[in-house]
Amino acid sequence: MKKKLISMLCTAVLVVIPMTDVRAEANKVGVIEDRAGRLATEMVQNYGVTGLQYAIMDEGKIVLSDSVGFQDKASQTPVNKDTMFGIGSVSKMVVTAATMVLVDSGKVDLDQPLTSYIKDFEMADARYTQITPRMLMNHSSGLYGTHYGNSMLFDDTDTRNHDELLLKLKSEKLKSNPGAYSVYCNDGFQLLEILVERVSGLSYSEFIAKFISDPLQLKATKTPLDSFDRNQLSETYWPSFETKLPVENANIIGAGGVYSTAEELSQFAEMLIGNKPDILSKSAAESMRKHEYRQGIWVSEERNTFNYGLGWDAVALAPFSDYGITALAKGGDTMLYHASLITIPEHDISMAVLSSGGSSIYNQMFATKVLLEVLEDQGIIDEIEPDQIFSPPVKMKMPAEFTAYSGLYGTVGSTLDIEVKNGEIALPAMQGGMIPEQNYVYTGEGQFTSSDGSVKVSFEEESNNKVYFKVQANITLPALGQTVMNTYDYQKLENNSLDTASKEKWKARNGSKYYALDEKITSIFYLVPTMLIKNLTVDVENGYANGTRVVDPDNAENVAQIPVMNGRDAFDLHFRTKNEAEHLIQDGQEYIAEEAITPIFGGKTGITTIPSNGQARWYAIDSRSANKTLTVDSPESGGYAVYNAKGEVVQFSKATNQQSTLLPKGGFIVFGGEAGDVFKIQLK
């Protein structure tokens, strides 16, 4: 039997093992605990983490459980093992498991049409009838991606996002044939939540409690709709505000709304790997870790952190795969919480890392580093391989035919001109800025390499006759180590010639901004202007706008069909004139053109009222009101936010509970609330 971290605490072990061995074992345990603690402290000090909690379960026992940072900074209350966190998209494993419980009971067949279980599921695309529950779980349904509207709310459990999803999908189409390829898709797991409700006759929260939390004796695994002490939740913070934020509710529960603790998430993993057959059959658990991503187009299978199973982000997670060990992983991020779960079925070891602030990528790298230490300690691996070392590339002569790859490329939200010339390619920052803007040089075998040798890019012609721009990235973060991401980042686009009417109208829109009208004032997105303010970039000559292909003067459609991650959250653009103002419709949400927004009054007092349709009211801050102090008497259901000329939030009353702010010149103010809400305003 393999050695256990907990063995030093077991009486039987003390009886049969000489004291010197026990001390050696204890020392090893202490070393791992110490290294994990120092690494956790590094994350709090240098990676934007306020509080971090982690736990390891080994053969059904918690063998390491610890935390660093604060649950509440104001009172200096530390995080402890009972502190709850949002687990973000790790919630997808909960709804996947819930669906598999129904599969075990014979109530759901993963390969039957989804319409068998959600009778009123319809789309404006005949192919929707081909979508199955399996395709929702492995991200291959062809759905556009995510309806984010009114999903992430402060201290608000409004279920409108859940309630309106089927209605919004009714008028939408698919971006690809169901099953053609897998690309991350939140809406699929929202549909699984609805499936669980329709088949079981229970609310989703009730189903989780009855069939998962109660049997596993999970006391702190809850949804926003459950009744529990919110003081157990780790407090959250925003960089530009000193005070803690209200409770974050991710009301897309199937996709990302569950709360838990690291210990309970590690215990839940026992069910996911087949160790709780009375709750979830071993065969169901095993089927969840099959290599589902292989069923469609996929980036060639180098070592990776993305290889989808059913629910799982990875069913062959690197670097564990380098040692011949199968590790499963799921990461999750809400706006404020971050989570990672890694489990190694063959050795019955799982680790969960939860945080307020930071990123699920950091949490996964932390868990990977600690688990490798555990595997080495237990003799499962001989030694931990050192991080890879990279050398500057040696430029080689590029075959002339590679210049044919020059042209227009697109991803969701943008287009990019890629020029392959003299054996070099200049590229912007990628992977959210973790790969900097730089030049890549040809180094042979069809690859171009970054200046430090850690990133290779190439062009791949796939079976769907599309050319993809492939990125093989080894990313090193100080103290956390290395992670690898192999993805298709861009897709080659065809020129789309526009008629005169379309060209003129879209050219006039280039550089325009559109402001959200339908988002509740309790939405966390008011802290993130990029979610509320849409900037339009139009390439008239090639016929594209924000990565979509222009169809006519007022409509543009998604063309991105990119596997893995970069093809996620696609959208179409639809423009309409309403009350002489241009409005944008995207993902079923409405936005008003900046040019239609009037300046806020320049007098001393005034009022503004939320219209009968409940939409937000936006105002510009011009020279008459700039540098004056705005004081707002808001109704209980109302609130406001202020942005400067750069689009940065400087005040959000629902987050700070403050009703006064200095108005920045060139900025904007938005008021939101219930229909008929009246705001009394003073300017001094």
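Owing to the predicted nature of the structure, the values given are computational and were not obtained by experimental measurement. (Residues numbered from 1 in each chain as written. Predicted model: local features only at pLDDT ≥ 70, side-chain atom pairs only at ≥ 80, totals over all residues. Heavy atoms only, no water.)

Enquirer: Could you clarify how one ought to interpret the overall build of the protein chain in this entry?
Expert: Looking only at helices and strands, the protein chain has 14 helices and 35 strands in total. Over its C-alpha atoms the protein chain spans a radius of gyration of 26 Å, differing by no more than 12% from the 26 Å that the globule rule assigns to 684 residues. Principal-axis analysis of the C-alpha atoms places the extent of the protein chain at approximately 85 × 65 × 50 Å. The burial tally for the protein chain puts 58% of its 684 residues in the buried class. Looking at the protein chain alone, contacts between residues at least 24 apart form 66% of all its contacts between residues at least 6 apart. Carbon and sulfur atoms form 48% of the exposed surface of the protein chain, whose accessible area is close to 27,500 Å². (Helix = DSSP H or I, 4+ residues; strand = E, 2+ residues; numbered from the N terminus. Rg over C-alpha atoms; globule rule 2.2 N^0.38 Å. Buried < 20%, exposed > 50% of the residue type's maximum accessible area, 1.4 Å probe, protein only. Contact = heavy atoms within 4.5 Å. Areas by Shrake-Rupley, 256 points an atom, 1.4 Å probe, with all protein chains shown as cover.)

Enquirer: How do you make sense of the sheet that holds strand β29 (residues 617-620) when you look at a structure like this?
Expert: Strand pairing in a sheet takes place through backbone hydrogen bonds and is either antiparallel or parallel in direction. Spatially, 4 strands are ordered β29-β34-β31-β32 in an open sheet, and the strand pairing comes out antiparallel. Edge strands, defined here as strands with exactly one partner in the open sheet, are β29 and β32 (649-652). Taking each pair of neighbouring strands and ignoring which way they run, the sheet shows an average axis angle of 15°. In this structure, strand β31 (residues 639-643) lies alongside β32, joined through 3 bridges in antiparallel fashion. (Pairing = 2+ DSSP bridges. Axes fitted to C-alpha atoms, helices over the stretch in contact; angles between N-to-C directions.)

Enquirer: Would you mind showing me how to read the pattern of salt bridges here?
Expert: When the charged atoms of two side chains with opposite charge come close together, those side chains can pair. Taken as a whole and judged by the stated rule, the model has 25 salt bridges. A salt bridge links R198 to D120; the nearest nitrogen and oxygen atoms lie 2.7 Å apart. Of this pair, R198 sits in helix α6 (residues 186-200) while D120 sits in the loop between α3 (91-104) and α4 (133-137); the two residues are 78 residues apart in sequence, bridging distant segments of the chain. Residue class for R198 comes out partly exposed when judged on its relative accessible area of 42%. (Salt bridge = Lys/Arg side-chain N within 4 Å of Asp/Glu carboxyl O.)

Enquirer: I would appreciate a short explanation of the side chain of E590 in the present structure.
Expert: Tracing the backbone shows E590 in strand β27 (residues 589-593). Taking the relative accessible area as the measure of exposure, E590 reaches 12% and is therefore buried. Side chain to side chain, E590 and K578 meet in a polar contact 3.3 Å long. (Polar contact = N/O pair within 3.5 Å; in protein donor to acceptor, adjacent residues only side chain to side chain.)

Enquirer: I tried to follow the packing of aromatic side chains on my own but got confused; where do I start?
Expert: Aromatic ring pairs are defined here through the distance separating the ring centres and the angle between the ring planes. Overall, the coordinates contain 31 aromatic pairs when judged by the stated rule. Residues F402 and F448 carry aromatic rings whose centres are separated by 6.2 Å and whose planes lie at 70° to one another, so their mutual orientation is edge-to-face. Taken as a pair, F402 in the loop between α11 (360-377) and β11 (407-411) and F448 in strand β15 (residues 447-449) lie far apart in primary sequence, 46 residues in all. Each member of the pair, F402 as well as F448, is classed as buried. Aromatic ring contacts, followed pair by pair, group F402, Y405, Y409, Y442, F448, F459, F469 and Y490 into a single cluster. Geometry around Y237 places K73 over its ring, the cationic atom sitting 4.3 Å from the centre. Across from the ring centre of F228, 4.1 Å away, lies the NZ or CZ of R230, which sits over that ring. (Phe/Tyr/Trp six-rings, centres within 6.5 Å; stacked < 30°, edge-to-face > 60°. Lys NZ or Arg CZ within 6 Å of the ring centre and 35° of its normal.)

Enquirer: What exactly am I supposed to notice about the environment of T159 here?
Expert: In this structure, T159 sits in the loop between β5 (152-154) and α5 (160-169). Classification of T159 as partly exposed rests on a relative accessible area of 27%. Taking the C-alpha atoms as reference, T159 lies 36 Å from N304; in sequence the two are 145 residues apart.

Enquirer: Explain the side chain of K520 to me, please; I cannot follow it from the model alone.
Expert: Note that K520 resides in the loop between β19 (513-516) and α13 (529-532). If near-sequence neighbours (up to four positions away) are discounted, K520 is found in contact with N150, L153, D156, D158, R160 and Y526.

Enquirer: Help me out: how do you make sense of the sheet that holds strand β26 (residues 581-586) in this one?
Expert: In spatial order, the strands read β20-β19-β27-β26-β25-β24-β23-β22-β21; together these 9 strands make up an open sheet with antiparallel pairing. For this open sheet the edge positions go to β20 (533-535) and β21 (538-539), each flanked by a neighbour on one side alone. Judged from the 2 bridges that link them, strand β22 (residues 544-545) and strand β23 (residues 548-552) form a sheet pairing that is antiparallel. Residue pairing for β23: Y544 is matched across the bridge by R549. Set on the sheet, helix α12 (residues 500-509) makes contact with β19, β21, β22, β23, β24 (555-557), β25 (573-578) and β26; between it and β23 the angle comes to about 130°.

Enquirer: Is there a simple way to think about the pairing of β23 in this case?
Expert: Two faces belong to every sheet, and in a regular strand the side chains alternate between them. Following β22, the chain reverses through 2 residues before pairing antiparallel with β23; N546 in that reversal takes a positive phi of roughly 50°. As paired strands, β23 and β24 are joined by 3 bridges and run antiparallel to one another. The residue bridging V550 from the neighbouring strand is A556, located in β24.

Enquirer: Explain helix α9 (residues 262-272) here, please?
Expert: Helical periodicity: at 3.6 residues per turn, an α-helix aligns residues three or four positions apart in one direction. For α9, the buried fraction is high: 9 of the 11 residues fall into the buried class. Listed in full, the buried residues belonging to α9 are A262, E264, L265, S266, F268, A269, E270, M271 and L272.

Enquirer: Hey, could you run me through the nonpolar core in this one?
Expert: Among soluble globular proteins, nonpolar side chains are generally buried collectively. By size, the foremost hydrophobic cluster in this structure holds 189 residues, and its most contacted members are L191, F268, F366 and L527. Contacts of L191, omitting those with residues within four sequence positions, involve L114, I118, F121, L136, L143, L165, L166 and L169. The next biggest cluster of nonpolar side chains, apart from the first, holds 15 residues, and it includes L630, Y640, L663 and F679. (Core = buried A, V, L, I, M, F, W, Y, C linked by side-chain atoms within 4.5 Å.)

Enquirer: What am I meant to see in the environment of I475 here?
Expert: For I475, the position within the fold is in strand β17 (residues 467-477). For the pair I475 and Q431, spaced 44 residues apart in sequence, the C-alpha separation works out to 9.7 Å. Once residues within four sequence positions are removed from consideration, I475 is found in contact with M365, M434, G481, Q482, T483 and M485.

Enquirer: Help me understand unusual backbone geometry, please; the structure alone is not making it clear to me.
Expert: Comment: phi is negative for the bulk of residues other than glycine, and the bulk of peptide bonds are trans. Geometrically, the link from A318 to P319 is a cis peptide bond, its omega value of 10° lying close to zero. Mapped onto the elements, P319 comes out in the loop between α10 (282-288) and β8 (328-333). Unusually for a residue other than glycine, D569 sits at a positive phi of about 55°. Counting through the fold element by element, D569 comes out in the loop between β24 and β25.

So yeah, pure geometry; function would need other evidence.
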